[in-house]
Amino acid sequence: MRAFTVTDISRNGGGGGGLTGRIGIGLELDSTHLKILEVLRENGRISVAALAERVGISRANAYTRFEALRADGAIKRFTAEIDHVRAGLGITALIFVTVRQQMWKQFRAELARMPEVEYCAITTGQHDAMIQVRAQDVAAVHTMVTDRLANIPAVKATETVFILDEVLRRPYVLPSDRPAGQSPRRPAQPPATGEVPLGKMRFVGAAEGRAALQKDS
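Cut-offs and rules
- Residues numbered from 1 in each chain as written.
- Predicted model: local features only at pLDDT ≥ 70, side-chain atom pairs only at ≥ 80, totals over all residues.
- Heavy atoms only, no water.
- Helix = DSSP H or I, 4+ residues; strand = E, 2+ residues; numbered from the N terminus.
- Buried < 20%, exposed > 50% of the residue type's maximum accessible area, 1.4 Å probe, protein only.
- Polar contact = N/O pair within 3.5 Å; in protein donor to acceptor, adjacent residues only side chain to side chain.
- Phe/Tyr/Trp six-rings, centres within 6.5 Å; stacked < 30°, edge-to-face > 60°.

**As for the environment of glutamine 101**
Note that glutamine 101 resides in the loop between strand 1 (91-99) and helix 5 (104-111). With a relative accessible area of 24%, glutamine 101 lands in the partly exposed category. For the pair glutamine 101 and valine 155, spaced 54 residues apart in sequence, the C-alpha separation works out to 9.5 Å. Polar side-chain contacts of glutamine 101 include one of 2.9 Å to the backbone oxygen of valine 99. Within the local environment of glutamine 101, its side chain forms a polar contact with the side chain of tryptophan 104, the two groups lying 3.3 Å apart.

**Some remarks on the packing of aromatic side chains**
One pass over the full model with this rule turns up 2 aromatic pairs. Ring geometry for phenylalanine 66 against phenylalanine 78: centres 6.0 Å apart, planes inclined by 40°, an arrangement best described as tilted. Taken together, the positions of phenylalanine 66 in helix 4 (residues 59-72) and phenylalanine 78 in the loop between helix 4 and strand 1 put the pair 12 residues apart, joining distant regions of the chain. Judged by relative accessible area, which is 0%, phenylalanine 66 ranks as buried. Look at tryptophan 104 and phenylalanine 107: their rings are 5.8 Å apart centre to centre, the planes differ by 85°, and that puts the pair in the edge-to-face class. On the criterion of helical spacing, the pair formed by tryptophan 104 and phenylalanine 107 is a turn pair, its members being 3 residues apart in helix 5. Grouping residues by exposure puts tryptophan 104 and phenylalanine 107 together as buried.

Shown next, in the form of structure tokens:
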């Protein structure tokens, strides 16, 4: 009999009957949950039996905890990780965009029509958004920026940076990744004068248009 993997459980909706989708509500992650996520980060297709052995719990416990993580939304989905160079997309670029503040909805709608865009985030600082694109060559990125992105009325300016080497890319990070004995730092209290201490960063707050964008998402 074939051993069920955690991806089988996710694809089939689990076997918990009426509990599926409910057991994870309000879930508080403990060290065992985090260990499960550590193992899944290495191999998302691991069998439930192997997962239980790696974590040091029973198969029933591993299954229940996995279902709780999935139902609670801590695990959103399972997907494949590809080699972009082997897939023919050897060029990666970051495009920093300044958006006209009253035209965020148009910017979002136009961006959704660009299949080269892998990731987009609203940012603080000089620019309003950062876009990551993957393409076959530099010319394809140039065409995308000058012929399409820059011609969107919502886009005021762009700045393109090409990535030479992706040094590190993790599927995700966890609180348990922090070295043992290292506690989170408390945020430093700002000086009474309101000045930014040397070596600190001043964050530029989101404009009204960006705040509205986050509400729409």
